[in-house]
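Here are the chains, one letter per residue:
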Amino acid sequence: TPAIPILRSLLERDELPARADVLATLRAIGDADPGAIAPLTNELVPYLQSNVVSVRREATRCIAAIADEYPGDAVDAVPTLATIVEDDADGLQYAVYALSRITREYPEDVKPVAETLGEVILCDSLSDSVRLNATAGLGRIVGEYPSIAVEIVDDVETLFDVDNPKLRNNAIGLIGDAAIVHSDVVEPYTEEITELLTVDDRYTRINASGVLSRVAEDFPDSVEHVTPTIVELLSDGNPLVRENACWALGHLCARNATSALEDRARDDDNADVRTRALWALAEINE
């Protein structure tokens, strides 16, 4: 780190054949101590547009390192990072990672480039890790601005059957965020979501059961036929799945689930599940 002022001065030179090496050195420092290079963000951002591949790549990696721990310092780089992604330029994976990390605290600043992240998650020529970062970032944006997902639900649904469970789970989680406000947009995919209720991955079951509970609240007729499967979820090993099942059954006023809900209300080892089972029973007996 004592070399940073020297490296910074080198970046300011108009002619420097080894500029990529300077950036690579800063990136290596940033990998170990992102805070050490965070003050250089303004000097680094212009190199994101460099026509020299190695320069652009190392600059993007520097910004990604900064965004990892100091997303606020990387916010001003969002438009240029998005351009790298849109142009499918070298360094795309680092740009996507940086955008995803920035959304942890500043989703509103990445919102204008949400469509760009949406295109990334649908590109099966990219690695799963890149697409995972894109879905995570987009999910945080949709969590704050559910309407963003309205236009991409059709596309995200195509990820429900991907082999990577994390990518599939991120996709159904994104749909779940959209369903909080726009259950009408999600309702046509009830059958596809239902198929995810019984997969081995518990996170997918959590998200899928949560989505259906939201759809059941507004469109009970569309979910009613799934009641037997939802009743089975009351015995799921994950308490969040059981709690979501209680939500759904309450919204469905599922009288044939009364006995199973009474068991949950009395014997479940999770307080939230017991509380939600009692709520469901009250809804059914109202």
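What comes next is a walk through the structure. Being a predicted model, the structure only gives us computed values, none of them experimental.

Definitions and cut-offs
Residues numbered from 1 in each chain as written. Predicted model: local features only at pLDDT ≥ 70, side-chain atom pairs only at ≥ 80, totals over all residues. Heavy atoms only, no water. Phe/Tyr/Trp six-rings, centres within 6.5 Å; stacked < 30°, edge-to-face > 60°. Helix = DSSP H or I, 4+ residues; strand = E, 2+ residues; numbered from the N terminus. Buried < 20%, exposed > 50% of the residue type's maximum accessible area, 1.4 Å probe, protein only. Lys NZ or Arg CZ within 6 Å of the ring centre and 35° of its normal. Patch = residues over 30% accessible without salt bridge, like charges linked within 9 Å, V, L, I, M, F, W, Y side chains within 5 Å. Areas by Shrake-Rupley, 256 points an atom, 1.4 Å probe, with all protein chains shown as cover. Salt bridge = Lys/Arg side-chain N within 4 Å of Asp/Glu carboxyl O. Lys, Arg positive; Asp, Glu negative; His and termini not counted. Charge placed at Lys NZ, Arg CZ, Asp CG, Glu CD. Core = buried A, V, L, I, M, F, W, Y, C linked by side-chain atoms within 4.5 Å. Contact = heavy atoms within 4.5 Å. Axes fitted to C-alpha atoms, helices over the stretch in contact; angles between N-to-C directions. Parallel < 35°, antiparallel > 145°, perpendicular 65-115°, else oblique. Left-handed = near helix turned anticlockwise from the far one by under 90°. Nonpolar A, V, L, I, M, F, W, Y, C, P; charged D, E, K, R; others polar. Arc of directions from axis to C-beta. Polar contact = N/O pair within 3.5 Å; in protein donor to acceptor, adjacent residues only side chain to side chain.

Turning to the packing of aromatic side chains, a few remarks are in order. Taken as a whole and assessed by the stated rule, the structure comprises 1 aromatic pair. Between Trp 247 and Trp 279, the aromatic rings sit 4.9 Å apart at their centres with planes inclined by 50°, giving tilted as the arrangement. With a gap of 32 residues between them, Trp 247 in helix H19 (residues 239-252) and Trp 279 in helix H21 (residues 271-285) connect regions that are remote in the sequence. For Trp 247, a relative accessible area of 28% gives the class partly exposed. Assessed through its relative accessible area of 23%, Trp 279 is described here as partly exposed. One cation-aromatic arrangement involves Lys 111 over Tyr 145; the distance from NZ or CZ to the ring centre is 4.3 Å. Across the ring face of Trp 247, the terminal group of Arg 276 is positioned such that the distance to the ring centre comes to 3.8 Å.

Right, let's talk about a negative patch on the surface for a bit. Together, Glu 86, Asp 87, Asp 88, Glu 115 and Glu 119 make up a region of like negative charge exposed at the surface. Mapping Asp 87 onto the fold places it in the loop between helix H7 (78-86) and helix H8 (92-102).

In this structure, Leu 26, Leu 44, Ile 63, Leu 81, Ile 193 and Leu 261 are the most contacted members of the largest nonpolar core, which totals 99 residues. When residues no more than four places from it in sequence are discounted, the contact partners of Leu 81 are Leu 48, Thr 60, Ile 63, Ala 95, Ala 98, Leu 99 and Ile 102.

With that settled, the discussion passes to the packing of helix H2 (residues 19-32) against helix H5 (residues 53-69). Axis separation between H2 and H5 bottoms out at 9 Å; the angle between their running directions is 20°. Comparing their axes, H5 and H2 come out roughly parallel. For the pair H2 and H5, the crossing hand works out as left-handed. Along its contact with H2, which presents Arg 19, Ala 20, Leu 23, Ala 24, Leu 26, Arg 27, Gly 30 and Asp 31, the element H5 presents Ser 54, Val 55, Glu 58, Ala 59, Arg 61, Cys 62 and Ala 65. Within the contact of H2 with H5, the residues separate by chemical class into 8 nonpolar, 2 polar and 5 charged.

Relative orientation of the contacting elements helix H1 (residues 4-11) and H2 amounts to 145°, with a least axis distance of 10 Å. In this structure, H1 crosses over H2, and the sense of that crossing is left-handed. Where H1 approaches H2, its residues Ile 4, Leu 7, Leu 10 and Leu 11 are matched on the opposing element by Arg 19, Val 22, Leu 23, Thr 25, Leu 26 and Ile 29. Of the residues belonging to the contact of H1 with H2, the class tally is 8 nonpolar, 1 polar and 1 charged.

Moving on, we get to helix H20 (residues 258-267). Every buried residue of H20 is listed here: Thr 258, Leu 261 and Ala 265. All buried residues of H20 fall inside an arc of 65° around its axis, so they share one side. Seen from the buried face of H20, the exposed residues on the opposite side, beyond 90 degrees, are Arg 266 and Asp 267. Looking at the buried side of H20, the elements it contacts are H19 and H21.

Let's shift gears to the pattern of salt bridges. Going through the model one piece at a time under the given rule, you end up with 11 salt bridges. Salt-bridge contacts for Glu 58 lead to Arg 27; the nearest nitrogen and oxygen are separated by 3.1 Å. With Glu 58 in helix H5 and Arg 27 in helix H2, this pair connects stretches of sequence that are 31 residues apart. For the pair Glu 58 and Arg 27, a shared accessibility class is recorded, and that class is buried.

Attention now moves to the environment of Thr 229. Relative to the helices and strands, Thr 229 resides in helix H18 (residues 227-233). Along the backbone, Thr 229 and Val 181 are 48 residues apart, and their C-alpha atoms lie at a distance of 25 Å. With sequence-adjacent residues up to four places away left out, Thr 229 is seen in contact with Leu 197 and Thr 198.

The next subject is the side chain of Ser 209. As for its placement among the helices and strands, Ser 209 is situated in helix H16 (residues 202-218). Taking the relative accessible area as the measure of exposure, Ser 209 reaches 4% and is therefore buried. Polar contacts involving the side chain of Ser 209 include one to the main-chain carbonyl oxygen of Arg 205, which spans 2.7 Å. Side chain to side chain, Ser 209 and Asn 244 meet in a polar contact 3.1 Å long. If we ignore the near neighbours within four places in the chain, the residues touching Ser 209 are Leu 197, Leu 233, Val 241 and Asn 244.

Our focus in this paragraph is unusual backbone geometry. For Asp 88, which is not glycine, the phi torsion reads 50° and is therefore positive. Mapped onto the elements, Asp 88 comes out in the loop between H7 and H8. Under the relative-accessibility criterion, Asp 88 is labelled exposed at 58%. Unlike most non-glycine residues, Cys 253 shows phi in positive territory, near 50°. Mapped onto the fold, Cys 253 is located in the loop between H19 and H20.

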